[in-house]
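These are the residues of each chain, in order.
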Amino acid sequence: MHSTTRALHLAARIVLIFAACVLLRSFACAEAAPQPPNPQQAPAQTAKQVLGAIQAIQGSTITLKPDTGPAVNVVVQGSVRILRVAPGQTDLKNAAAIQFADLQVGDRILVRGIPSADGQSLTASSVIAMKRSDVEAKQQQEREDWQKRGTGGLVSAVDPASGTITISVPAPGGTRTVAVHTTKDTIIRRYAPDSVQFDDAKPSSLSEVKPGDQLRARGARSADGSQFAAEEIVSGAFRNISGTVSNLDAAANTLTVADLATKKPVVVKISAQSQVLKLPPQIAQGLAFQMKGGARGAASGAPGGAAGEGGNARPGRGAADLQQVLNRLPKASLADLQKGDAVMIVSTEGTASGGVTAITLLAGVEPILQASPGGAQAMTLSPWNIGGAGGEAGDANP
């Protein structure tokens, strides 16, 4: 499976939030017990805690971008205690004291302090830091584990009673089925309908997984690969769009595509996480020739021309071939596209307000769509390039 440079933030983010909650309780226990209020004294200001990433550091002031809400300035005086915790650490027992100078842009911190009257700044009383380098190392470990112990494919059936999900996995010469078994301890998440980021996946349940969904799982596979015990799964409903570009809006980072399937225009947003690629003419013609040859072989009964589901020729091989080509293509951008270009897109499901966000957009596919407008589905682009979850050994998408 193709893996982009976008980091897999999900596990690190979940661990950080969980750790932050536990650490807050630790601080609450460590602080002195509150004294009875003195009616002659002015009411004390209420302490506040903010979790986020450091955007800038100037003097003794940190510009912090919270996970929710606008940026806030955090004033850290010399007497403030700063502790460094490792990803996965859930208490302060092994926390190490560090200096203000050790903090860097990109580090994630949990700040406790007194807000200013206008709410624009915060005077810190304590800071818990998780270094960016530590988070990145944790992400790399998670990414490697998904690649080593992961599998994925298209959901064909769901059995809630047994907790089993059957998926169709691309394989040489076609597809094979894998039974993914879940338990009460399996972590189940689902991609947000308007986001292509793995770390935006939401806690979910088996009831939300439907046939036709894309699914990836991490866990242990049986010796023959037909059974998979899932420790964690993430699923999503993605759209496959094939058509021509009818409008480009560089300012909004969007393009409008005349979808061949629905005959309706679709507004597609290109985000920083979107993968935009363009096939060179010779490669596109070669893939189109392969599709035509496969279709003729299927019609004549020639060896190697067996049709797959929906009458598409050699769906497993076509998907594998295209994905291998994509793995070697340089990145493109919206500026490389023109009106009238043919594109194939895997996008988010989209929201009720309309519009979708591209996960992978492939341009230069005119010969492929001319060869078989419906056959493009046999060469479906993989949505799993985002999230770092690679395929298992033997899968079509390394």
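As the structure is a computational prediction, the values presented were derived from the model and not from experiment. (Residues numbered from 1 in each chain as written. Predicted model: local features only at pLDDT ≥ 70, side-chain atom pairs only at ≥ 80, totals over all residues. Heavy atoms only, no water.)

Participant: Mind showing me how you'd approach the overall build of the chain here?
Facilitator: Along the backbone of the chain there are five helices and 20 strands. Burial analysis of the chain (398 residues in total) assigns 44% to the buried set. Counting every atom, the chain has about 19500 Å² of accessible surface; 53% of that belongs to carbon and sulfur. (Helix = DSSP H or I, 4+ residues; strand = E, 2+ residues; numbered from the N terminus. Buried < 20%, exposed > 50% of the residue type's maximum accessible area, 1.4 Å probe, protein only. Areas by Shrake-Rupley, 256 points an atom, 1.4 Å probe, with all protein chains shown as cover.)

Participant: Is there a simple way to explain unusual backbone geometry in this structure?
Facilitator: For residues other than glycine, phi is negative in most cases, and the peptide bonds are mostly trans. Within the chain, asparagine 253 stands out as a residue other than glycine whose phi angle is a positive 55 degrees. Positionally, asparagine 253 belongs in the loop between β15 (239-249) and β16 (254-259). Judged by relative accessible area, which is 37%, asparagine 253 ranks as partly exposed. Not every positive phi belongs to a glycine, and lysine 263 is a case in point at roughly 60 degrees.

Participant: Would you explain helix α2 (residues 132-149) in this entry?
Facilitator: Because an α-helix completes one turn every 3.6 residues, residues spaced three or four positions apart along the sequence face the same direction. For α2, built from 18 residues, the straight-helix expectation of 26 Å at 1.5 Å per residue is met to within 8% by its first-to-last C-alpha distance of 25 Å. Those residues of α2 not exposed but buried are Val135, Gln139, Glu142, Arg143 and Trp146. For α2, the angular spread of the buried residues around the axis is 100 degrees, confining them to a single face. (Expected span 1.5 Å × (residues − 1). Arc of directions from axis to C-beta.)

Participant: In this structure, what is going on with the packing of aromatic side chains? I would like to understand it.
Facilitator: Aromatic ring pairs: the centre-centre distance and the angle between the two ring planes describe each pair. As enumerated under the stated definition, the model contains one aromatic pair in all. Aromatic pair tyrosine 191 and phenylalanine 238: ring centres 5.5 Å apart, planes at 65 degrees, arrangement edge-to-face. Taken together, the positions of tyrosine 191 in the loop between β11 (187-190) and β12 (202-203) and phenylalanine 238 in the loop between β14 (227-236) and β15 put the pair 47 residues apart, joining distant regions of the chain. You can call phenylalanine 238 buried: its relative accessible area is 18%. (Phe/Tyr/Trp six-rings, centres within 6.5 Å; stacked < 30°, edge-to-face > 60°.)

Participant: Explanation requested: the pattern of salt bridges in the structure shown.
Facilitator: On inspection of all chains with the given rule, the structure shows 12 salt bridges. One salt bridge in this structure joins lysine 138 and glutamate 142, with 3.9 Å as the shortest N-O distance. Within this pair, lysine 138 and its partner glutamate 142 are both found in helix α2, separated by four residues, close to a single helical turn. By relative accessible area, glutamate 142 is classed as buried at 12%. Arginine 218 is paired through a salt bridge with glutamate 232; the nearest N and O atoms lie 2.7 Å apart. Placement of the pair is arginine 218 in strand β13 (residues 214-221) and glutamate 232 in strand β14, with a sequence separation of 14 residues. Of the two residues, arginine 218 and glutamate 232, neither departs from the other in class, the shared state being buried. What you see here is one network of salt bridges that share partners, running through Lys138, Glu142, Asp145, Arg149, Arg218, Glu231 and Glu232. (Salt bridge = Lys/Arg side-chain N within 4 Å of Asp/Glu carboxyl O.)

Participant: Please clarify how the environment of glycine 153 should be interpreted in this entry.
Facilitator: The topology assignment puts glycine 153 in strand β8 (residues 150-159). Considering only alpha carbons, one finds glycine 153 and glycine 212, 59 residues apart in sequence, at a separation of 9.6 Å. Setting aside anything within four residues of it in sequence, one finds glycine 153 in contact with Ile167, Ser168, Asp213, Gln214 and Leu215. (Contact = heavy atoms within 4.5 Å.)

Participant: What is the right way to look at the pairing of strand β4 (residues 81-84) in this model?
Facilitator: The side chains of a regular strand alternate between both faces of the sheet. Relative to strand β7 (residues 121-130), β4 is paired through four bridges, and the arrangement is parallel. Counterpart to isoleucine 82 in the pairing with β7 is valine 127. Relative to strand β5 (residues 96-97), β4 is paired through two bridges, and the arrangement is antiparallel. Across the sheet, arginine 84 pairs through a bridge with alanine 96, a residue of β5. (Pairing = 2+ DSSP bridges.)

Participant: For this particular structure, what's the right way to read the pairing of strand β17 (residues 265-269)?
Facilitator: Of the two faces of β17, the one holding Val266 and Val268 is buried and the one holding Pro265, Val267 and Lys269 is not buried anywhere. Taken together, the five bridges between β16 and β17 define a ladder with antiparallel strand orientation. Bridging across to β17, alanine 258 finds its partner in proline 265. Counting the residues in the hairpin turn of β16 and β17 gives five residues, including lysine 263, whose phi is positive at 60 degrees. Where β17 and strand β20 (residues 356-363) come together, two bridges link them in parallel fashion. Directly across from lysine 269, in β20, lies its bridge partner threonine 357.

Participant: Looking at this structure, how should I read the side chain of aspartate 341?
Facilitator: One can find aspartate 341 in the loop between α4 (315-328) and β19 (342-347). Among the polar contacts listed, one links the side chain of aspartate 341 to the backbone nitrogen of glutamine 338, at a separation of 2.9 Å. Leave out the neighbours within four places in its chain, and aspartate 341 touches Gly243, Thr244, Val245, Lys278, Asp336 and Glu366. (Polar contact = N/O pair within 3.5 Å; in protein donor to acceptor, adjacent residues only side chain to side chain.)

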